[in-house]
Amino acid sequence: MSFPKCKICFDRFSDTDSEHIPRNLTCGHALCHKCITAMVNNSTVECPFCRTVTNIVNNDITKLLKNFALIEVIEDARYSLNKKDVVVSCITEGLLNSSFG
Ligand SMILES: [Zn+2]
Ligand SMILES: [Zn+2]
């Protein structure tokens with residue numbers, strides 16, 4: 001299965017590397033922490049996919065909610081990589097598609 005990646009920088013999302021934690025914009029699209037940081041302008045971020053503007057209080061990106069659906073996929077992917085077990089892949093692929101909208 002494919003590991004969930006940020007659609008802007010194509011780095012893998014991570015739940016442990018703070019630069020690559022997937023975070024939700026107001027519109028529901030998810031980007032990694034690093035890309036949102038790079039796009040903040042006057043406490044707002046314009047979504048690169050749908051142009052919805054998300055307000056970021058005090059430019060503090062950590063106030064944006066983590067995308068826990070993606071974090072679960074990451075954990076499952078890591079688990080199945082370790083275990084060489086692909087049984088969960090069809091479930092996680094479905095989650096992935098719905099969370100990217
Ligand atoms: Zn990114
Ligand atoms: Zn969007």
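Keep in mind that what you see is a predicted model, and the values were worked out from it rather than measured.

(A) Molecular detail of the overall build of the chain. Scanning the chain for helices and strands turns up three helices and four strands. Reading the chain from its N terminus to its C terminus gives the helix and strand order β-β-α-β-β-α-α. Expressed as a percentage of contacts within the chain between residues at least 6 apart in sequence, the contacts between residues at least 24 apart total 44%.

(B) Highlighting the environment of K66. Secondary-structure assignment places K66 in the loop between β4 (53-55) and α2 (68-83). You can call K66 partly exposed: it has 15 C-beta atoms within 10 Å. Once the C-alpha coordinates of K66 and L31 are considered, the two residues, 35 residues apart in sequence, prove to be 9.8 Å apart.

(C) Region of interest: unusual backbone geometry. One non-glycine residue, N42, adopts positive backbone phi at about 55°. Tracing the sequence through the fold places N42 in the loop between α1 (33-39) and β3 (44-46). Residue N42 is classed as exposed on the basis of its C-beta count, with 8 C-beta atoms lying within 10 Å. In the Ramachandran plot, N58 falls in the positive-phi region, its phi being about 55° despite a non-glycine side chain. Turning to its location among the elements, N58 is positioned in the loop between β4 and α2. Owing to 7 C-beta atoms within 10 Å, N58 belongs among the exposed residues under this scheme.

What counts and what doesn't
- Residues numbered from 1 in each chain as written.
- Chains lettered and ligands numbered in written order.
- Predicted model: local features only at pLDDT ≥ 70, side-chain atom pairs only at ≥ 80, totals over all residues.
- Helix = DSSP H or I, 4+ residues; strand = E, 2+ residues; numbered from the N terminus.
- Contact = placed C-beta atoms within 7 Å.
- Buried ≥ 20, exposed ≤ 12 C-beta atoms within 10 Å, placed from the backbone.

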